[in-house]
Amino acid sequence: MTLQSTTVHTRFTVAQRFIHWLMALCILAMLFIGVGMESTIEPKYHTLVSIHKPLGITILILVLIRLVLRLRDGAPPLPADMPPLMKLGAYLSHYAFYLLMIGMPLIGWAMLSAASYPVVLYGSLHLPPILPQSDSLHTLLWGAHYYLAFAFFALILLHLAAALFHAFVRRDGVFEAMASLQGDETAG
Amino acid sequence: MMQLPSSVRSPIGSLAIIALVVAAGAATFAYTAGWLSPNRLTPTKLVEAFAPPGGPALGHRRNHAKGICFTGVFEANGNGTALSRAGVFAQGQYPALGRLNLGTPNPDAADATVRVRGMGLQIATPNGETWRTAMIDAPVFAAATPQAFYGLLTALASKDPNAIKTYAAAHPGFAAFGAWAGSAPWTSSYAEDRFNGLNSFVFTDSSGGEHAVRWSLLPAAQPVAIPPDDLAKRGADFLEEEITQRVHGGPQRWTMIVTVANPGDPTADPTQAWPSDRRTVEVGTLIVQKIEPESDGPCRDINFDPTILPSGIRTSDDPFPAARSAAYAKSYDSRTAEAKDYPRQATEKKP
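Residues numbered from 1 in each chain as written. Chains lettered and ligands numbered in written order. Predicted model: local features only at pLDDT ≥ 70, side-chain atom pairs only at ≥ 80, totals over all residues.

**Focus on the overall build of chain A**
Part 1: The helix and strand inventory of chain A stands at five helices and two strands.
Part 2: Along the three orthogonal principal directions, the C-alpha set of chain A runs to about 50 × 30 × 30 Å.
Part 3: Split into buried and exposed, the 188 residues of chain A put 27% on the buried side.
Part 4: Within chain A, contacts between residues separated by at least 24 positions form 71% of all contacts whose residues are at least 6 apart in sequence. (Helix = DSSP H or I, 4+ residues; strand = E, 2+ residues; numbered from the N terminus. Buried ≥ 20, exposed ≤ 12 C-beta atoms within 10 Å, placed from the backbone. Contact = placed C-beta atoms within 7 Å.)

And the structure:
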């Protein structure tokens, strides 16, 4: 178990909750845009691709902020009566989320770089390539980006199921730790 | 009404709700991905429609598969700044990279057998922006919409001898292209061909004014018509050999002209040419200085995606650039994964 601050919170901080829900929205939009654009040749293809790139970079920036908050503020402890296997699942899923949230935008950026596509964010605002042009790297990264997107969505469904399980079946406060609208706790 | 205390409620109902929520999420995703819509025209379907009966030539572009790389400069004369604030129109020289090609899925096609010739072009500006365009020598496109184009590809691949006639009857937009293909003169050099962007784009000038435009590259070399029967007697690669020698002897030039639409001109339909009295602006000159074979050349792994545009140029209501972008990406993803089927000469020569 990681170090907890001396104050034991039952909820994530307001900032953590805010960034969680903001990123949830961004990531869901991102995944739907991703599979949607791969399936169409209509004009919306171009619109979706044009959103996909800057949104991906937005997610990358947000997750870096979120990582700092997580390292600074920690997470509320899981209920003591939670079965060890469920606890392990919770920890591993959080690691998987952070890896994907950081990894997917970087893989996308690297993939575009390896294909010598300009990474245009908006207007003339663009990012430099982070890899030299390479057909083999492009193939590898394209495959990673594609398959990890489905893994990401599957993880989100699992996360959703677990959250609802906590909310409706276990009713152990884990759901409220992220879903509550209340302010930060002041006392430990 | 009496509500049961929540602790007494069976979890079965809750679990069912959870399962339902997850299933609905998965179904929405599957629908978005097109898995529940087998009739959706996907990039994969469009690209597969180009493939000859024996399947595509692995490692190569799925269309315009035969080509040769060039490098040079685009020399902007500054006139284009009246129409677009894109840096590429400011007076100056910008590095250009491109590919002269034939509109065929067969990379080994004999040059004289291919009616449509093309040019892919990339111009880079010092601020890091890139403009890519892929043009052909036809004055209009063969289909009015991507869906119609898919229908044309299907008709071309059909075993029914009347398929093209049936298609043409149902798609009047095909007539102008058909007439061009049947009667336009052939040249014996890429350097004598005019290449047309065909799709319309929107230029934004420095004061925010917008102009619907199409662009073309006009050859500096005088076109000489050669009967196709004479071209058929030449070697299978005569175009590539000719342009290599010609550029070796001196740079070859094309003038870029931008045609500005009048209000009401058909911007969404590339089968319809705009009236010939429309304003045209000469914006610069493409100077091709070096030719290199594609297998090791700088154009090999470049996707000439027509939606790669600098700020100051954007797509219009023409549905083709988006469709081409989607299909080109699919082709690019496939062929770069098949590089072993199209070896680079430099690596192949190693013992």
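Let's pick the thread back up.
**Brief notes about the overall build of chain B**
Part 1: Helix and strand counts for chain B come out as nine helices and 10 strands.
Part 2: C-alpha extents for chain B along the principal axes are approximately 95 × 55 × 55 Å.
Part 3: A burial count over chain B gives 44% of its 351 residues as buried.
Part 4: Counting only contacts in chain B whose residues sit at least 6 apart along the sequence, the fraction spanning at least 24 positions is 74%.

**Things to note about the environment of Leu 83 of chain B**
Part 1: Following the sequence through the fold, Leu 83 of chain B ends up in the loop between strand E1 (66-76) and strand E2 (92-102).
Part 2: Apart from the residues lying within four places of it in its own chain, the contact partners of Leu 83 of chain B are Phe 203, Asp 205, His 211, Val 213, Val 258, Val 260 and Val 281 of chain B.

**Brief notes about the nonpolar core**
Part 1: Counting 100 residues, the largest nonpolar core has Ile 41 and Met 111 of chain A together with Val 88 and Leu 286 of chain B as the members making the most contacts within it.
Part 2: Each residue touching Leu 286 of chain B, except ones within four places of it in the same chain, is listed here: Gly 72, Phe 74, Ala 96, Leu 121, Leu 217, Arg 253, Trp 254 and Met 256 of chain B. (Core = buried A, V, L, I, M, F, W, Y, C linked by C-beta atoms within 7 Å.)

**Looking at unusual backbone geometry**
Part 1: Its identity is not glycine, yet Ser 116 of chain A carries a phi of approximately 65 degrees, on the positive side.
Part 2: Mapping Ser 116 of chain A onto the fold places it in the loop between helix H3 (84-114) and strand E1 (119-122).
Part 3: Here His 64 of chain B, not a glycine, exhibits a phi torsion of approximately 50 degrees, which is positive.
Part 4: The exposure class assigned to His 64 of chain B is buried, which follows from the 27 C-beta atoms found within 10 Å.

**Re the interface of chain A and chain B**
Part 1: Contacts between chain A and chain B engage 30 residues on the former and 43 residues on the latter.
Part 2: Every element with two or more residues in the side of chain A that touches chain B is listed here: helix H1 (14-37), helix H2 (44-73) and helix H4 (135-170) of chain A.
Part 3: In terms of residue count, the dominant contributor to the side of chain A that touches chain B is H4 of chain A (13 residues).
Part 4: Here the residues of the side of chain A that touches chain B are counted per class, giving 16 nonpolar, 12 polar and two charged. (Nonpolar A, V, L, I, M, F, W, Y, C, P; charged D, E, K, R; others polar.)

**Observations concerning the pairing of E1 of chain B**
All names here are of chain B.
Part 1: Most of E1 sits out of view: eight of its 11 residues are buried.
Part 2: As judged from the 11 bridges shared by E1 and E2, these two strands associate in the antiparallel manner. Bridged to Glu 75 within E2 is Gln 93.
Part 3: Taken together, the nine bridges between E1 and strand E9 (residues 280-293) define a ladder with antiparallel strand orientation. The partner of Glu 75 across the bridge, within E9, is Thr 285. (Pairing = 2+ DSSP bridges.)

**Here we look at H4 of chain A**
Part 1: Along its 36 residues, H4 of chain A runs 50 Å from first to last C-alpha, staying within 8% of the 52 Å computed at 1.5 Å per residue.
Part 2: Burial in H4 of chain A covers these residues: Asp 135, His 138, Thr 139, Leu 141, Trp 142, His 145, Phe 152, Phe 153, Ile 156 and His 166 of chain A.
Part 3: Tucked into the core, H4 of chain A has its buried residues touching H1, H3 and helix H5 (174-179) of chain A together with helix H1 (11-32) and helix H8 (320-337) of chain B.
Part 4: Of the residues trailing H4 of chain A, Arg 171 of chain A is marked for its positive phi of about 45 degrees. (Expected span 1.5 Å × (residues − 1).)

**A look at the confidence of the model for chain B**
Part 1: Residues at a pLDDT of 70 or more form 96% of chain B, whose mean pLDDT is 95.
Part 2: Interface scoring of the predicted complex returns ipTM 0.92; its pTM is 0.93. (pLDDT = per-residue confidence, 0-100.)

**Points about the pairing of strand E6 (residues 201-204) of chain B**
Residue and element names in this part refer to chain B.
Part 1: Of the two faces of E6, the one holding Phe 201 and Phe 203 is buried and the one holding Val 202 and Thr 204 is not buried anywhere.
Part 2: Here E6 pairs with strand E7 (residues 210-219) via four bridges, running antiparallel. From the neighbouring strand, Val 202 faces E7, where its bridge partner is Ala 212.
Part 3: Hairpin remark: E6 followed by E7, antiparallel, with five residues in the connecting loop; positive phi at Gly 208, about 90 degrees.
Part 4: Pairing geometry for E6 and strand E10 (residues 313-315), over three bridges, is antiparallel. Opposite Phe 201, over in E10, you have Thr 315 as the bridge partner.

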